[in-house]
Amino acid sequence: MSSAAFAQSNVTIYGIVDAGIVSERGGKAGNVTKLSSGVANASRIGFRGTEDLGGGLSAIFTLETGYRVDDGALDNSNNQLFNRQAFVGLRSNTAGTLTVGRQYTPWYNALAQVGDPFQAGLAGSAKNLFPANGINLRNSNSVVYQTPVFSGFSGEFFYGFGEQAESSAGRQLGAAVSYTNGGLNARIAYNNRNNDTATGLAPTIERGIGRNSLLAVNYDFNVAKAYFMYGQNKGLNSIAYANSTAYTTTAVPASQDSRDWLAGVQVPVAGKTGKIIASYMRVDDKEIANRDAHQWALGYMHDISKRTTGYISYAKITNKNGASYTVGGNTEAGTGDSAFNVGVRHSF
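All right, on to the pairing of strand β4 (residues 57-66) then. Where strand β3 (residues 44-54) and β4 come together, ten bridges link them in antiparallel fashion. Residue F47 lies in a different strand from β4, and its bridge partner there is L63. Hairpin geometry of β3 and β4 is characterised by an intervening segment of two residues between the two adjacent antiparallel strands and by a positive phi of about 65 degrees at G55. Pairing geometry for β4 and strand β5 (residues 85-92), over eight bridges, is antiparallel. In the sheet register, S58 faces β5, and the bridge partner there is R91.

The next subject is the side chain of S338. You can see S338 is positioned in strand β19 (residues 338-347). When near neighbours in sequence (up to four residues on either side) are disregarded, S338 contacts S23, E24, R25, Y314, A315, K316 and V327.

For the protein chain, per-residue confidence averages 94 on the pLDDT scale, and residues scoring 70 or more make up 96% of the total. This stretch, residues 1-6, has a pLDDT under 50; its non-local contacts, to residues over four places away or in other chains, come to zero contacts.

Okay, the pairing of β5 next. Two elements, β5 and strand β6 (residues 96-104), share seven bridges in a ladder whose sense is antiparallel. Residue pairing across strands places R91 opposite T97, the latter belonging to β6. The hairpin formed by β5 and β6 contains three residues between the paired strands.

Summarising burial for helix α2 (residues 106-115): nine of the ten residues are buried, a large majority. Buried within α2 we find P106, W107, Y108, N109, A110, L111, A112, V114 and G115.

With that out of the way, let us pick up unusual backbone geometry. Positive phi, close to 65 degrees, is recorded for A120, a residue that is not glycine. Structurally, A120 is set in the loop between α2 and β7 (138-146). Since its relative accessible area comes to 0%, A120 is described here as buried. Phi at L122 is positive, roughly 60 degrees, even though this residue is not glycine. Mapped onto the secondary structure, L122 falls in the loop between α2 and β7.

All chains considered together, the criterion is met by eight salt bridges. Salt-bridge contacts for D257 lead to R259; the nearest nitrogen and oxygen are separated by 2.8 Å. Taking relative accessible area as the criterion, R259 reaches 21% and is therefore assigned partly exposed. The residue D337 makes a salt bridge to K316 at a minimum N-O spacing of 3.4 Å. Taken together, the residues D337 in the loop between β18 (308-319) and β19 and K316 in strand β18 connect sequence positions 21 residues apart. One continuous salt-bridge network, built from bridges that share partners, spans E24, K34 and E332.

Before going further, it helps to spend a moment on the environment of S238. Mapping S238 onto the fold places it in the loop between β14 (225-234) and β15 (257-269). For S238, a relative accessible area of 0% corresponds to the buried category. Expressed as a C-alpha distance, the spacing of S238 and Y104, which sit 134 residues apart in the sequence, is 16 Å. S238 has contacts with P131, N136, G210, R211, N212, N233 and Q256, leaving out every residue within four places of it along the chain. Polar side-chain contacts of S238 include one of 2.7 Å to the backbone oxygen of G235.

With 41 residues, the main nonpolar core has W107, Y108, L111, L122, F130, M229 and Y325 as its most contacted residues. For this core, the elements supplying multiple residues, two or more each, are α2, β13 (209-220), β16 (274-285), β17 (293-303) and β18. Sorting elements by how many residues they give to this core places α2 first, with six residues.

What follows concerns the side chain of T326. Positionally, T326 belongs in the loop between β18 and β19. Here the side chain of T326 touches A333 through a polar contact of 2.8 Å, landing on its backbone oxygen.

In this section: the packing of aromatic side chains. Evaluated as defined, the whole model comprises eight aromatic pairs. Summarising the aromatic geometry, the rings of F153 and Y179 are spaced 4.5 Å apart at their centres and angled 40 degrees between planes, so their arrangement reads as tilted. Highlighted residues: F153 in strand β8 (residues 153-160) and Y179 in strand β9 (residues 172-181), separated in sequence by 26 residues. The class for Y179 is partly exposed, based on a relative accessible area of 23%. Stacked on the ring of Y14, the Lys or Arg R48 has its end atom at 4.0 Å from the ring centre.

The rules behind the values
- Residues numbered from 1 in each chain as written.
- Predicted model: local features only at pLDDT ≥ 70, side-chain atom pairs only at ≥ 80, totals over all residues.
- Heavy atoms only, no water.
- Pairing = 2+ DSSP bridges.
- Helix = DSSP H or I, 4+ residues; strand = E, 2+ residues; numbered from the N terminus.
- Contact = heavy atoms within 4.5 Å.
- pLDDT = per-residue confidence, 0-100.
- Buried < 20%, exposed > 50% of the residue type's maximum accessible area, 1.4 Å probe, protein only.
- Salt bridge = Lys/Arg side-chain N within 4 Å of Asp/Glu carboxyl O.
- Polar contact = N/O pair within 3.5 Å; in protein donor to acceptor, adjacent residues only side chain to side chain.
- Core = buried A, V, L, I, M, F, W, Y, C linked by side-chain atoms within 4.5 Å.
- Phe/Tyr/Trp six-rings, centres within 6.5 Å; stacked < 30°, edge-to-face > 60°.
- Lys NZ or Arg CZ within 6 Å of the ring centre and 35° of its normal.

Rendered as structure tokens:
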């Protein structure tokens, strides 16, 4: 009782302010030059807290909202206050971490944290071709368990409630296994989404399962860090164009069977205050339409100070057979098949 009465909470306010000038080419809207927010990393403000409960156990929470620097508005169309993350849970030094709320999927964490040298930002973002948007990125009503690290291995398990009359309708499952040893960082992740819709008294509308699997690896050679990703996507909503009408009036239907791969590198320069980033990736559509695509990208980031970074990048996509992939940044989908951006990111 005494221990509980005097327990102290530690709350941190944190955030990112990111804005840049973006020039896009190749879309049906023509050449577009604009000021964008969240080019390298989505602009955000968050609250993170911990309370020591004793015995190696802590209560934790995170509340995080995204906003646009260019106009000050929330960066989502649903007018959600904490649209990025909102969860609470318990963390144990020996048993792992259990959290509930709105959270990232293990599949997206593998892409952004391990496999993409652009870390899902700038013009070279892997999200331009890999299906890292919507339900594959983060999900509400979820429970996540993360294991402690055992001899370099760790696991992450995700369950998202569909919250419909039929228990399996709309539910989402995910898992990942990670291994870290010296310069090696590898992760295998899987995401499974039930697309069925429960209709109350009427039979459930069956729409099938969307499945995504991903292998993400990087290795730090000190003089350079090499990256590789390979993904398989199958089923409804396993793939979704970020901008399906970028080149056409009618939306281009997404494939339900494709393979993705990426190879990239980060090279530290200027006494490790800067880094050159490059990547090449492809989409292999296995359906009859054969809407393949590939992208190459080049970027540079320079640490002006401990908290402030300047950046510049360029990427070019080649779409085939009417594919509708676009060059975007971390937050925006993009309007065409090439983009140049330059900007600054400040963290606090």
